[in-house]
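# Secondary and tertiary structure notes
What follows is each chain in one-letter form.
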Amino acid sequence: MADEDHNGFSEWGGYFEAKKSKLEEQFAAASNPFRKSNLFDGISIFVNGLTNPTADELKRIMMVHGGTFHHYERSHTKFIIASNLPDVKVRKMDTSRIIAAQWVVDCVEQNRVLDYKPYLLYTNQKTTQPRLNFGKGKKNDSTLDNSTVAEETELDGILKELQQDVATSPKKHISHINNLSATTTSNHPNSSHSARTAVDPEFLNEFYKNSRLHHIATLGAGFKQYVCELRQAHGNKPFVKRGELRTLLVAGKLLSEDVSTKTPKRYVMHIDMDCFFVSVGLRSHPDLRGLPIAVTHSKGGTGATDVPVHPQANRQVERELFAQRFEQHLHDNVRADKVRYGFQKNMSLSEIASCSYEARAKGIRNGMFVGQALKLCPELKTIPYDFEGYREVAFALYNTVAQYTLNIEAVSCDEMFVDLTDVLQELQVDVMTFVTHLRQEVRDITACPCSAGVADNKLLARMATKLAKPNGQHLLQTEDAANYMATLALDVLPGVGSSITYKLNQAGLSNCADVQQVSLVRLEMLLGKKMAQTLYQNCRGIDPRPLVYEQQRKSISAEVNYGIRFSKYEELEKFLKQLSGEVHSRLIEIKRKAKSITLKLMVRAAEAPVETSKFMGHGICDNQTKSLLLKQSTDDLEFITQNVLKLMKESGFPPNELRGIGIHLSKLDDVVESKKENLIMNMFSKISEKQKDKSINIPIAIPIKEPLDMKAKSDSTNVLSLLKNAATRSKSNPAAAFKIANFFQVTATESSYSSSSPPPPPPMIHVASWADCFLNRSDLQPSTSKAGLARENKRLCRADQIVTKYMEELPQHMHPAIHQYITLNNKQKDVAPTVEQPEKQTNIFVNPNYKSLLATWVKTEAVPKPTDVNLIYLNICDLVLDNQMDKVYEIMKYFCCIVKTKRRNSCCWHMAYNEIESNIQEKVQEILDCHIYIREAIDCCKCQSFRS
Ligand SMILES: Nc1ccn([C@H]2C[C@H](O)[C@@H](COP(=O)(O)OP(=O)(O)OP(=O)(O)O)O2)c(=O)n1
Ligand SMILES: [Mg+2]
């Protein structure tokens with residue numbers, strides 16, 4: 001079958017081969033306890049079409065009498081049981097194996113295997129068309145004799161008895177089953193138990209080839225890496241596709257709104273393939289387009305609503321236990337409902353990875369069990385996985401976007417965020433025209449539809465995609481965000497899972513609209529500071545998270561939660577060695593070393609049935625983890641394996657109680673990162689060398705020539721003096737001059753400067769040296785991480801703004817000197833920290849003694865130096881960005897109180913405080929779209945500082 005060649009199972013003999021083997025094993029496992037004889041030992045049947053007895057009944061007969069029932073026809077299927085088959089079908093078949101169902105019945109009746117030839121349905125006298133054999137088959141299809149009926153009744157009786165046994169008395173059931181298993185296991189040493197469990201040395205390979213979660217996780221991680229590589233390889237080269245698009249726009253082949261007059265705005269796009277696995281699958285099943293389709297391991301049809309269930313499993317018990325756990329411990333009603341409706345008797349527990357929108361219209365959802373889905377929509381068609389296809393389409397999607405921009409944050413194989421600001425500005429194209437063009441290109445290349453959402457942040461862009469799906473696009477305007485968010489449920493927000501939803505529900509908050517009505521303080525009481533602040537913003541559509549383009553792996557793991565059935569420690573040890581090898585090879589692949597090893601175990605819960613409803617599944621488990629922090633990072637297989645075995649031994653769980661095992665390597669060091677660090681170190685050492693050289697050239701104080709004709713004064717170390725002097729001399733802006741002069745006249749009476757003082761300081765702007773600064777140089781240590789640097793840049797821009805604003809009322813002629821000051825001050829900040837203490841805490845308010853720091857500063861300094869004012873502002877700003885609004889409030893309140901106690905130069909401090917406060921208010925407005933109310937305020941008639 002063509003599909004099988006591309007479905008990732010080819011090495012396994014193809015998807016259906018794998019599936020068929022599994023079903024055979026399931027059948028064998030389920031049959032063992034029912035077995036009464038080995039009459040049909042070595043005989044397999046496949047039932048094609050309607051028969052009498054029915055396929056179900058024949059299946060039970062085979063179970064009881066040691067035969068094999070094939071759900072699919074296989075090359076080694078001994079007999080095909082049928083009553084009538086279409087000619088076209090028969091022509092292609094080996095008719096020498098097609099027999100009537102009565103043969104089975106007669107064999108049971110006579111308790112021996114009869115010659116099948118008289119039961120052949122066709123004789124091959126004609127080569128073109130086999131002739132229907134009106135012999136035994138026909139006669140026997142018409143009625144069942146009494147003995148068959150009796151046999152059927154007996155079989156039904158056995159089954160009912162077993163089921164009742166199972167339902168009413170778990171203990172009795174288990175001992176009964178154990179007895180049965182003991183006999184059957186000894187009779188069948190090669191039973192399925194070892195064939196497809198983790199005991200089988202081939203198991204791990206096969207598991208990973210078939211595990212969809214493994215495939216999507218690998219692809220997702222792969223694309224994060226891929227984006228990094230593309231970005232590094234691209235450098236500053238132009239994007240070819242932008243040129244092509246420009247040509248189309250110029251030629252009028254693509255019509256765009258005129259955007260040239262619009263203010264540049266940030267545009268974040270979220271793009272996601274529609275029912276990804278289905279869309280890829282439909283490329284090779286075009287005839288199924290428009291129908292309810294699901295991708296799953298299950299073949300669907302009646303096979304999915306009537307699966308053989310291991311008699312040791314107890315679906316009813318398991319269903320209730322699962323539901324209770326989800327509801328009571330995890331408050332996860334979605335999953336509780338999933339098991340309640342999906343664990344019904346004999347329904348397939350295969351999960352639907354993806355379903356078409358036609359299936360969704362019938363109530364089917366991704367992740368639902370196939371059995372339940374078929375109850376909702378019996379005509380649901382299932383198609384197999386096509387892992388190679390997903391890879392191919394995912395690459396096409398990423399490559400298409402990457403030809404326009406590499407400002408891509410990879411999310412998964414079918415989903416990413418893209419910052420379009422830059423490409424839109426360059427092409428002067430309107431955002432939705434661009435998105436239409438891009439989506440069409442993706443569709444042309446992949447033959448799969450995708451949807452896109454656009455907004456000014458990631459959260460809103462993702463929400464916009466929800467509005468766009470399927471096969472659409474949506475622009476969510478910032479001004480509509482809060483109203484739109486109010487319509488949404490809480491669990492659509494990032495990081496809001498079942499337990500947070502539960503907590504909020506308990507507090508009477510059931511959706512985003514409710515949360516919008518609640519104060520931040522109340523949310524903090526409910527959820528803790530960090531989550532509360534995120535939720536406070538998110539439910540209003542505010543999301544300050546930047547896009548992360550170069551994502552680093554933080555951990556790597558290999559987990560198996562299927563087929564884990566050990567009886568001896570040796571089997572477990574062998575498997576742990578194999579799994580260690582697997583996780584080790586993944587570590588080597590990404591060229592990393594790990595410092596922490598964690599063993600994750602799923603241990604059968606005490607109350608859980610020994611065998612699981614899902615064939616070889618994990619059932620209800622308690623999760624246990626054991627970790628080890630190594631002295632040194634390692635990528636040594638032997639060392640990792642030894643530690644894994646040690647952790648296993650320490651855990652003390654018996655091998656037969658394990659249902660899932662995972663090895664997790666974390667605290668990864670990074671070859672690339674350490675290279676980068678070296679680069680940074682080198683760069684810094686070069687800078688500091690340059691700085692040494694430059695130190696001769698860079699003056700600590702820069703003489704400003706005209707127009708300031710002020711005399712030099714060595715102790716003029718702050719901008720205030722400059723402001724004062726400038727103000728008193730300002731002629732160009734009388735109003736400002738008046739204001740500033742007024743201010744300084746007032747301060748002058750209190751300060752050492754007075755109108756009667758000697759001539760003002762010289763025309764020098766002092767570059768505040770670290771020694772001048774009240775706070776440590778290390779307090780201004782910029783972070784070397786990317787995020788830190790980005791934040792630092794933002795802070796520095798802001799620092800410029802505050803100084804600029806601080807002095808904006810100065811006459812124009814002073815500006816060059818001030819700019820010079822800022823530039824040098826920033827340069828100093830950039831270089832200085834690397835010379836001495838390269839790693840130190842950035843934010844001074846992290847220090848628990850920050851209040852006394854503030855107090856000492858205000859008390860000991862005569863006037864606030866701009867360096868310190870900036871530092872305080874920047875550090876508070878960081879707290880705003882980190883959503884630590886309580887702390888911001890606390891600091892500002894305290895700062896204001898202290899400033900109010902200042903007697904000398906009080907108005908300088910008033911001005912500094914007000915400057916910081918108004919800038920912080922601006923920042924809060926920008927980020928949280930609100931105003932922070934600070935109870936304390938400066939109320940000074942001298943400098944006219946009043947809260948507006
Ligand atoms: N638990 C999961 C999550 C995802 N997938 C696979 C199947 C999906 O097709 C694909 C992409 O996941 P999406 O969440 O994007 O789902 P779809 O693309 O199927 O649907 P939608 O149109 O809602 O995006 O990943 C999976 O197998 N199991
Ligand atoms: Mg998708």
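The name that an unreviewed UniProt entry assigns to the protein is DNA repair protein REV1, with the source organism given as Drosophila grimshawi. In its Sequence similarities (unreviewed entry) section, the UniProt entry covering the protein states "Belongs to the DNA polymerase type-Y family."

Taken together, 16 residues surround ligand 1, and among them Arg212, Asp272, Cys275, Ser354 and Tyr357 come closest. One of the backbone nitrogen or oxygen atoms of Cys275 is found 2.8 Å away from an oxygen atom of ligand 1. At a separation of 3.0 Å, an oxygen atom of ligand 1 approaches a polar side-chain atom of Lys469. Against a free-state accessible area of 540 Å², the protein chains account for coverage of 74% of ligand 1. For the shell around ligand 1, the secondary structure elements donating two or more residues are helix H11 (212–234), strand S7 (268–273), helix H13 (276–282) and helix H17 (357–360). The element contributing the most residues to the shell around ligand 1 is H11, with three residues. Tallied by class, the residues present in the shell around ligand 1 amount to eight nonpolar, two polar and six charged.

Every protein donor of the magnesium ion (ligand 2) is accounted for by Asp272 (OD), Met273 (O) and Asp414 (OD), and the metal-donor separations fall at 2.0 to 2.3 Å. Metal-centred angles of 74 to 178° between the six donor atoms at the magnesium ion (ligand 2) mark the site as octahedral. Mapped onto the sequence, the donors of the magnesium ion (ligand 2) take the spacing D-M-x140-D.

Below, the discussion takes up the sheet that holds strand S10 (residues 381–383). Pairing between the strands of a sheet is mediated by backbone hydrogen bonds and can be parallel or antiparallel. The three strands are arranged S9-S8-S10 in an open sheet whose pairing can be described as mixed. A strand with exactly one partner marks an edge of an open sheet, and here the two such strands are strand S9 (354–355) and S10. Bridging between strand S8 (residues 293–295) and S10 involves three bridges; their strand directions are parallel. Paired with Ala294 across the strands is Thr382, a residue of S10.

A few words on the packing of helix H35 (residues 850–860) against helix H37 (residues 885–901). At their nearest, the axes of H35 and H37 sit 10 Å apart, and the two run at 30° to each other. With respect to their mutual orientation, H35 and H37 come out roughly parallel. As for how H35 packs across H37, the hand of that crossing is right-handed. Where H35 approaches H37, its residues Tyr850, Lys851, Leu854, Ala855, Trp857 and Val858 are matched on the opposing element by Lys887, Glu890, Ile891, Tyr894, Phe895, Ile898 and Val899.

Per the UniProt annotation, the sites labelled "binding site: Mg(2+)" (unreviewed entry) are Asp272, Asp414 and Glu415. Look at the named residues: they lie 144 residues apart in sequence, but the longest C-alpha span between them is just 5.5 Å, so in the fold they bunch up. Tracing the chain through its elements places Asp272 in strand S7. Apart from residues no more than four positions distant in its own chain, Asp272 is found in contact with Asp414, Glu415, Cys450, Ser451, Thr465 and Lys469. Take Glu415: it is sitting in strand S12 (residues 415–419). Classification of Glu415 by relative accessible area gives buried; the value is 10%.

With that settled, the discussion passes to the packing of H11 against helix H19 (residues 387–402). Two elements in contact, H11 and H19, have axes whose closest approach is 11 Å; the angle formed by their N-to-C orientations is 25°. Accordingly, the angle class assigned to the pair H11 and H19 is roughly parallel. Handedness of the H11/H19 crossing: right-handed. Of the residues in H19, those touching H11 at Arg212, His215, Leu219, Phe223, Tyr226, Val227 and Leu230 are Phe387, Tyr390, Arg391, Ala394, Phe395, Tyr398, Asn399 and Ala402. A breakdown of the residues in the contact of H11 with H19 according to their chemical character gives eleven nonpolar, two polar and two charged.

Our focus in this paragraph is the packing of aromatic side chains. A full pass over the atoms with the stated rule returns 25 aromatic pairs. One aromatic cluster is present, formed by Phe276, Phe277, Tyr385, Phe387 and Tyr390 through successive ring pairs. In this arrangement the basic side chain of Lys851 is found over the ring face of Tyr894, its NZ or CZ atom lying 5.4 Å from the centre.

A few words on the side chain of Ser37. Structurally, the position occupied by Ser37 is in the loop between helix H2 (15–31) and strand S1 (44–47). What Ser37 contacts, discounting residues up to four positions off in sequence, is Val64, His65 and Gly66.

End to end, helix H28 (residues 569–589) covers 30 Å across 21 residues, agreeing with the expected 30 Å (1.5 Å per residue, within 8%). The complete set of buried residues in H28 reads Glu571, Leu572, Phe575, Leu576, Leu579, Ser580, Glu582, Val583, His584, Arg586 and Leu587. At the C-terminal side of H28, Lys591 shows a positive phi close to 55°.

Attention shifts here to the pairing of S7. With six of its six residues buried, S7 lies for the most part within the structure. Side chains of S7 alternate between two faces, with Val268, His270 and Asp272 and Met269, Ile271 and Met273 buried alike.

Time to look at the environment of Val259. For Val259, the location among the structural elements is in the loop between helix H12 (240–250) and S7. With a relative accessible area of 15%, Val259 lands in the buried category. If we skip the residues at most four places from it in the chain, Val259 touches Gln428, Val429 and Asp430.

This part covers the pattern of salt bridges. In total, this model carries 31 salt bridges according to the counting rule given. The residue Arg266 makes a salt bridge to Asp419 at a minimum N-O spacing of 3.8 Å. With Arg266 in the loop between H12 and S7 and Asp419 in strand S12, this residue pair connects regions lying 153 residues apart in the sequence. You can call Arg266 partly exposed: its relative accessible area is 31%. Because the salt bridges share partners, they merge into one network encompassing Arg242, Arg246, Asp422 and Glu426.

Turning next to the sheet that holds strand S11 (residues 408–412). Read across the open sheet, the five strands follow the order S11-S12-S7-S13-S14; overall the sheet is mixed. Each end of this open sheet is capped by a strand with a single partner; those strands are S11 and strand S14 (473–475). The sheet shows a mean angle of 15° between the axes of neighbouring strands, taken without regard to direction. As paired strands, strand S13 (residues 450–455) and S14 are joined by three bridges and run parallel to one another.

Cut-offs applied
- Residues numbered from 1 in each chain as written.
- Chains lettered and ligands numbered in written order.
- Predicted model: local features only at pLDDT ≥ 70, side-chain atom pairs only at ≥ 80, totals over all residues.
- Heavy atoms only, no water.
- UniProt positions renumbered as here; feature names shortened; annotations may be inferred.
- Near = heavy atom within 4 Å.
- Polar contact = N/O pair within 3.5 Å; in protein donor to acceptor, adjacent residues only side chain to side chain.
- Areas by Shrake-Rupley, 256 points an atom, 1.4 Å probe, with all protein chains shown as cover.
- Helix = DSSP H or I, 4+ residues; strand = E, 2+ residues; numbered from the N terminus.
- Nonpolar A, V, L, I, M, F, W, Y, C, P; charged D, E, K, R; others polar.
- Donors = N, O, S within 2.8 Å, 3.2 Å for Na, K, Ca; no water.
- Tetrahedral: all angles 85-135°; square planar, octahedral: opposite > 155°, others 65-115°.
- Pairing = 2+ DSSP bridges.
- Axes fitted to C-alpha atoms, helices over the stretch in contact; angles between N-to-C directions.
- Parallel < 35°, antiparallel > 145°, perpendicular 65-115°, else oblique.
- Left-handed = near helix turned anticlockwise from the far one by under 90°.
- Contact = heavy atoms within 4.5 Å.
- Buried < 20%, exposed > 50% of the residue type's maximum accessible area, 1.4 Å probe, protein only.
- Phe/Tyr/Trp six-rings, centres within 6.5 Å; stacked < 30°, edge-to-face > 60°.
- Lys NZ or Arg CZ within 6 Å of the ring centre and 35° of its normal.
- Expected span 1.5 Å × (residues − 1).
- Salt bridge = Lys/Arg side-chain N within 4 Å of Asp/Glu carboxyl O.

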